[in-house]
Amino acid sequence: MKRVKTKKQRTGALQRKNGLYGWFFIAPFVVGFLLIYVPVIVNAFRYSLNDITMGADGYELSWVGGAGYSYALFTHPTFLRDTLELLGKLLLQSPAIILFSLFIAVLLNQKMRGRGFFRAIFFLPVIVTTGIVLKADMSNAMLESMGSAAGIETGASTTVAGGFDISNIKFMLQQMYIPAAVVDFIVELVNNIYSIVNYSGVQIILFLSGLQSISPEIYEAADVDGASGWESFWKITVPMLSPIIFVNIIYTVIDGFTRSDNPIMALIDDVGFNKMNYNAASAMAWLYLILVVVVLAGVALICYRFTFYQERD
Amino acid sequence: MKTKKPRPSPVRLVWPAFRFILLLGLSYVILFPFMQKIVMMFMSPADLQNPTVWMVPQAPTLDNIRRVLQYGGYWPAFRNSLIISTVCATLQTFVCCMAGYGFAKFKFRGRTFFFLMAIATIIIPPQTISLALYMEFRYFDIYGLLDAAGVGSLKLVETVLPSAMLSMTATGLKNGLYIFVMRQFFKGVPRELNEAATLDGCDPIRTFFRIILPVAQPMLISIFLLSFAWQWTDTFYSGLFNRNMAVLPTILTKVTAISTEAITKGTKMSSIMQNTAVIMTVTPLFIFYLIFQKKLIQGIERSGIVGQ
């Protein structure tokens, strides 16, 4: 896309006018961000430096400085360790989610019988991972007594559907002289298939609409030129879809870090609302946020290099 | 995959079968927990005592559904949910589409900054700011301006205003994601489309409504669906702002707290009530999806713009 040179020919006035239109389009967001979001964030940060006591009318803050932060880092027994464990787990899970959802979206985009049915089924995970279903499943005496989804409902159980024991796969792979790290990776994925399927819902929908936005004429042209399906996947689908792949990678990482059933979010909730130590909870949340931002910045930098846009600036 | 060659290769023959079995297996993984909940919907207390009952209730009953309708106040909650979700999802889709377009197609100072801030709004988990968010709308004020004007801060909680304001300004639930998605989508739309419109004398605002919105239809429908689904099942904002207004997610807690059967017959019964409420909340959503899904496919067959 070598359009950079033509840019200079444009007059400054036109560009300024264009910029104004840009502000027009993002105006609602800017207003909301400045008037609602910024005060909220500033206050949330103040809570992390103060002790909060709720009164009859409003709340009172008393300055404690970095006490909450030092509690989170040095006093709390599991905060740091759990955070690092989660980071490792997400590094493993996120690529699997991306590949899986891309694969499923490509499948669901192909012409076949029952496509509408399957698409509807793969929408369900979006619902499963929202508030109410998780909330209901957290204390579900019935599910426990009925046995979880053929053993795959919870990550804790080690059997995959129909009593297919995971240790057998592990043993078989080890017999084939596959390196232990690879074996562990595969076993981990198979073991987590339920969560991978369920955390791919949004990504599949976004990929699907991305795929449907690609003009069919390109594929026809490639077909006329004798490209195989495999080739057009790599040479057309992947580059055309790369902006959406980028979103999905970022979203997968964010979702992994912030979904409400992840151990750190649960820990923060517990410290804040059950142990009533709101100051420490918000300090933890901010520390955690810094980690998320660092990880995301790294991921975004890597992905940006591989993203193809119709126009670059 | 798109090719139609006269001689089918073996891969092409085996592929559909493989694909079908794979999708069927994964559908099972997704559906099983729902099947369990649906079965529970029809279980009677007798089935709970009976150890031989697994998946198929021997004395099926509609009592659970009746209880959710009665104690949970299902229909008023359904109506409230429908109104709130439709309004919020429509506003969010439109506003986020606008913002995404602004970020993708125009150059101005501060663009990168505000785009990063839009991403930041989804990085910060709602739990982190829940208290501050509540306080913001409990004592609503714009940088002390209302207080200075002698009006004092406004109490906006327990009204629909907080949700409406957040939706109108693209700062609601996961709105940063929608902005990001729309921006990425518009980055993929060729510039020639805009240039042609400009040559024909369309100003950017008319171009947006006449040309860009129709082209973005597949993405817009997806975003509307996500937004609607999340609003429909959201417990975070409804718990924060509208504790007294009945929406579908709240009947979940209500039904276990009020129903005498749930209290007297122990945890299993209350868990059955919960599952019934979940299924009754989720089913309308699934039906909406099926309707929209058809629209989605029709919309797509007309567009297909990226990369032309």
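It should be emphasised that the depicted structure is a prediction, and the values quoted were computed from it without experimental measurement. (Residues numbered from 1 in each chain as written. Chains lettered and ligands numbered in written order. Predicted model: local features only at pLDDT ≥ 70, side-chain atom pairs only at ≥ 80, totals over all residues.)

Caption draft 1: Quick peek at the overall build of chain A. A tally of regular secondary structure across chain A gives 16 helices and four strands. In chain A, which comprises 313 residues, the share counted as buried stands at 34%. Sequence separation of at least 24 residues holds for 70% of the intrachain contacts in chain A that already meet a minimum separation of 6. (Helix = DSSP H or I, 4+ residues; strand = E, 2+ residues; numbered from the N terminus. Buried ≥ 20, exposed ≤ 12 C-beta atoms within 10 Å, placed from the backbone. Contact = placed C-beta atoms within 7 Å.)

Caption draft 2: Summary view of the confidence of the model for chain B. All names here are of chain B. Looking at chain B as a whole, the pLDDT averages 81, with 87% of positions reaching at least 70. Mean pLDDT values for the elements of chain B range from 59 in helix H15 (residues 260–264) up to 92 in helix H4 (residues 74–105). Quick note on the complex model: pTM equals 0.83, ipTM equals 0.82. (pLDDT = per-residue confidence, 0-100.)

Caption draft 3: Representation of the domain arrangement of chain A. All names here are of chain A. Domain annotation for chain A reports domain 1 (1–65) and domain 2 (71–155 + 192–306). Contacts between the two partners involve eight residues from domain 1 and, on the opposite side, five residues from domain 2. Contributing elements (two or more residues each) for the side of domain 1 that touches domain 2: helix H2 (12–49) and strand E1 (50–54). When residues of the side of domain 1 that touches domain 2 are assigned to their parent elements, the largest contribution, four residues, is made by H2. Its residues assigned to classes, the side of domain 1 that touches domain 2 comprises five nonpolar, two polar and one charged. (Domains from an automatic or database assignment. Nonpolar A, V, L, I, M, F, W, Y, C, P; charged D, E, K, R; others polar.)

Caption draft 4: Inspection of unusual backbone geometry at higher detail. Residue and element names in this part refer to chain B. For Ala-170, which is not a glycine, the phi torsion comes out positive at approximately 55°. Position of Ala-170 relative to the elements: it lies in the loop between helix H8 (161–168) and helix H9 (175–188). For Ala-170, a count of 29 C-beta atoms within 10 Å puts it in the buried group. Here Lys-174, not a glycine, exhibits a phi torsion of approximately 55°, which is positive. Within the secondary structure, Lys-174 is located in the loop between H8 and H9. With 24 C-beta atoms counted inside 10 Å, the residue Lys-174 sits in the buried group.

Caption draft 5: Structural view of the packing of helix H4 (residues 79–109) of chain A against helix H15 (residues 263–274) of chain A. All names here are of chain A. Between H4 and H15, the least distance of the axes is 9 Å, while the angle of their chain directions is 155°. Taken together, the axes of H4 and H15 are roughly antiparallel relative to one another. Contacts between H4 and H15 involve Phe-79, Asp-82, Thr-83 and Leu-86 on the former and, on the latter, Pro-263, Ile-264 and Leu-267. Class assignment for the residues of the contact of H4 with H15 results in five nonpolar, one polar and one charged. (Axes fitted to C-alpha atoms, helices over the stretch in contact; angles between N-to-C directions. Parallel < 35°, antiparallel > 145°, perpendicular 65-115°, else oblique.)

Caption draft 6: Representation of the interface of chain A and chain B within the structure. Each side of the interface is counted separately: chain A has 94 residues, and chain B has 95 residues. Within the side of chain A that touches chain B, the residues separate by chemical class into 64 nonpolar, 22 polar and eight charged.

Caption draft 7: View of the nonpolar core. By size, the foremost hydrophobic cluster in this structure holds 135 residues, and its most contacted members are Met-284 of chain A together with Ala-99, Ile-179, Val-181 and Met-182 of chain B. Looking at which element gives the most residues to this core, the answer is H4 of chain B, with 14 residues. For this core, the two domains that each supply at least three residues are domain 1 (1–65) and domain 2 (71–155 + 192–306) of chain A. Beyond its immediate chain neighbours, meaning those up to four positions away, Val-181 of chain B contacts Leu-206 and Val-247 of chain A together with Met-219 and Ile-223 of chain B. (Core = buried A, V, L, I, M, F, W, Y, C linked by C-beta atoms within 7 Å.)

Caption draft 8: How the structure looks around the environment of Asn-64 of chain B. Topologically, Asn-64 of chain B is positioned in helix H3 (residues 63–71). The residues contacting Asn-64 of chain B, other than those within four sequence positions of it, are Met-41, Ile-272, Met-273 and Thr-276 of chain B.

Caption draft 9: Layout of the confidence of the model for chain A. Across chain A, pLDDT averages 78, with 80% of residues at or above 70. The low-confidence segment residues 1–11 of chain A, where pLDDT is below 50, has five contacts with residues more than four positions distant or belonging to other chains.

Caption draft 10: Local environment of the packing of helix H14 (residues 229–258) of chain A against helix H16 (residues 278–306) of chain A. Residues and elements named next belong to chain A. Following both chains from N to C, one finds H14 and H16 inclined at 165°, their axes separated by 10 Å at the closest point. In terms of axis orientation, H14 runs roughly antiparallel to H16. Considering the relative orientation of H14 and H16, their crossing is right-handed. Only Val-292, Val-295, Leu-296, Val-299, Ala-300, Cys-303 and Phe-306 of H16 make contact with H14, whose side of the interface consists of Ser-242, Phe-246, Ile-249, Ile-250, Val-253, Ile-254 and Phe-257. For the contact of H14 with H16, the class distribution of residues is 13 nonpolar, one polar and no charged. (Left-handed = near helix turned anticlockwise from the far one by under 90°.)

Caption draft 11: Fine view of helix H12 (residues 201–212) of chain A. Residue and element names in this part refer to chain A. Taking 1.5 Å per residue, twelve residues should reach 16 Å; H12 reaches 17 Å between its end C-alpha atoms and fits that length. Across the twelve residues that make up H12, a large majority, twelve, are buried. For H12, the set of buried residues is Gly-201, Val-202, Gln-203, Ile-204, Ile-205, Leu-206, Phe-207, Leu-208, Ser-209, Gly-210, Leu-211 and Gln-212. (Expected span 1.5 Å × (residues − 1).)

Caption draft 12: Up close: the environment of Gly-110 of chain B. Along the polypeptide, Gly-110 of chain B turns up in the loop between H4 and helix H5 (111–123). For the pair formed by Gly-110 of chain B and Pro-125 of chain B, sequence separation is 15 residues and the distance between their alpha carbons is 24 Å.

Caption draft 13: Layout of the environment of Leu-69 of chain B. Turning to its location among the elements, Leu-69 of chain B is positioned in helix H3. A C-alpha to C-alpha distance of 12 Å links Leu-69 of chain B and Ile-279 of chain B, two positions 210 residues apart in sequence.

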